[in-house]
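# A closer look at the structure
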Amino acid sequence: MLTTADNDLLCRTGPGTPMGALMRRYWVPFLYASELPEPDCTPVRVKLFSERLLAFRDSAGKVGLIDEFCAHRGVSLWFGRNEEGGIRCPYHGWKFSAEGQCLEMPAEPEDSTFKHRVRIPAYPVQELGGLIWAYLGPEPVPLLPRWDVLVRDDLERNVGISHVPCNWLQCMENSMDPIHFEWLHCYYGNYVFTKMGKPPVMTYRKHLKIAFDLGDFGIHKRRLLEGDTEESPDWTVGHPVLMPNILAVGDDARPTFQIRVPVDDYNTLHYWYGTKKMPEGSPKQEKVTYYDNPVFHEDGKMVVETINGQDMMAWVTQGPISLREAERLGTSDKGVILYRSVLMEQMERV
């Protein structure tokens, strides 16, 4: 059980918060590369860590991520025009580069140096693995990690997105809870299919033991299920949780990431980054496949007939921010407890 103060520390990621300061020290994806398809295309509104931003691809093809609002009178630049190397504000024509530098102030005298002294917040951006990534933290800017899932030439990639109406930590704590697979996906999942008049799809197996190991990049979650030996990859390798917000699952043939990005304290951008190994000699995939992975059906009912949907049901029904002050944790929750303690320790280090 956490105090209200500790729960806030772990959940809040806006400007000036301890968790926000920690998470801004990691690169996060925020758009598909296809959402900014060509130079001078229509800008896209973005919200990350409660900051309202604007993404655009300038005339040279460079992607910028800048504050949404003009430094002059605070008008939204989303209504502006993407042209000739910058975004021009619709109100008075001030223009800003991908680096946030003011380039033009049409109403100022020609010899004015005012524009050289005006900038709006802007963040480093890189494209990798079909996604556009941003770094919102302090300098020096770290390398965007070349995880194998993002850079291997022998993988065919398909990336789904879910707009999840709850705090990011609920998604991540699920990854530190191996026991939920036994009940949520096997026991409950089979129940859902039975109600639909379909045969069960999973074989229920009990967890014999679970373990968690700290590594260089995060925590390895391991499980031993009934019928498996201790040589099982689920026990010898497990599922790495890359700090602070990525779960890695699958194997060498189908490595997969789940990436949870805080939009604000009550909404999460969830990427389902799936891959499969292509036959030897296949050409490199030129375009990544994208798809929507909704939380709700069109009638408003939650998607619970898929593993992804069952996970999202468990996250969302805890509420916008889980009331951890009312929890009663048991021995099977030791992974959740460890993850929280690592986050607390990392915030203290920052």
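Below is a short write-up of the structure. Since the model is a prediction, treat every value here as computed from it, not as a measurement.

Glancing now at the sheet that holds strand β8 (residues 102-104). Across the sheet, 4 strands lie side by side as β5-β6-β7-β8; this open sheet has antiparallel pairing. Here the strands that pair on one side only, and so sit at the sheet edges, are β5 (81-83) and β8. As paired elements, strand β7 (residues 95-96) and β8 share 2 bridges and run antiparallel to each other. In the sheet register, K95 faces β8, and the bridge partner there is E104.

Next up on the list: the pairing of strand β2 (residues 44-48). By the alternation rule, side chains of β2 split into V44, V46 and L48, which are all buried, and R45 and K47, of which none is buried. Where β2 lies against strand β3 (residues 51-57), 5 bridges are found, and the strand directions are antiparallel. Pairing of K47 across the sheet is with R52, part of β3. Turn length for the β2-β3 hairpin, with the two strands adjacent in sequence and antiparallel, is 2 residues, and the turn residue F49 shows positive phi of about 50°.

Quick look at empty space enclosed by the protein now. In this approach, a probe sized like a water molecule rolls over the atoms, and the result shows the empty space that is left. All told, the structure shown has 1 cavity of 30 Å³ or more when counted by the stated rule. Within this model, the largest cavity holds a volume of roughly 30 Å³. Looking at the largest cavity, the residues that line it are P178, K221, R222, R223, D234, G238 and H239. For the lining of the largest cavity, the element with the most residues is strand β14 (residues 218-225), which contributes 3 residues. Partitioning the lining of the largest cavity into residue classes produces 1 nonpolar, 2 polar and 4 charged.

What follows deals with the nonpolar core. Counting 63 residues, the largest nonpolar core has F30, V46, L48, L65, Y271, Y339 and L343 as its most contacted members. The element best represented in this core is helix α8 (residues 334-349), accounting for 5 residues. Beyond its immediate chain neighbours, meaning those up to four positions away, L48 contacts V28, F30, L53, L65, A134, L136, V261, P262 and V263. Counting residues in each nonpolar core, the second largest holds 14 residues, with F56, C70, C102 and V118 among its members.

A few words now on the environment of N174. Checked against the element boundaries, N174 lands in helix α4 (residues 168-175). The class of N174 is buried, set by a relative accessible area of 11%. Sequence separation between N174 and V336 is 162 residues, and the spatial gap between their C-alpha atoms is 8.0 Å. Filtering out sequence-adjacent residues up to four positions away, N174 remains in contact with H180, D311 and W315.

Conventions used here
- Residues numbered from 1 in each chain as written.
- Predicted model: local features only at pLDDT ≥ 70, side-chain atom pairs only at ≥ 80, totals over all residues.
- Heavy atoms only, no water.
- Pairing = 2+ DSSP bridges.
- Helix = DSSP H or I, 4+ residues; strand = E, 2+ residues; numbered from the N terminus.
- Buried < 20%, exposed > 50% of the residue type's maximum accessible area, 1.4 Å probe, protein only.
- 1 Å grid on protein atoms, 1.4 Å probe; cavity = no way out; pocket = protein on both sides within 12 Å on 5 of 7 lines; lining within 4 Å.
- Points joined across faces, edges and corners; volume = space filled by probe spheres on them.
- Nonpolar A, V, L, I, M, F, W, Y, C, P; charged D, E, K, R; others polar.
- Core = buried A, V, L, I, M, F, W, Y, C linked by side-chain atoms within 4.5 Å.
- Contact = heavy atoms within 4.5 Å.

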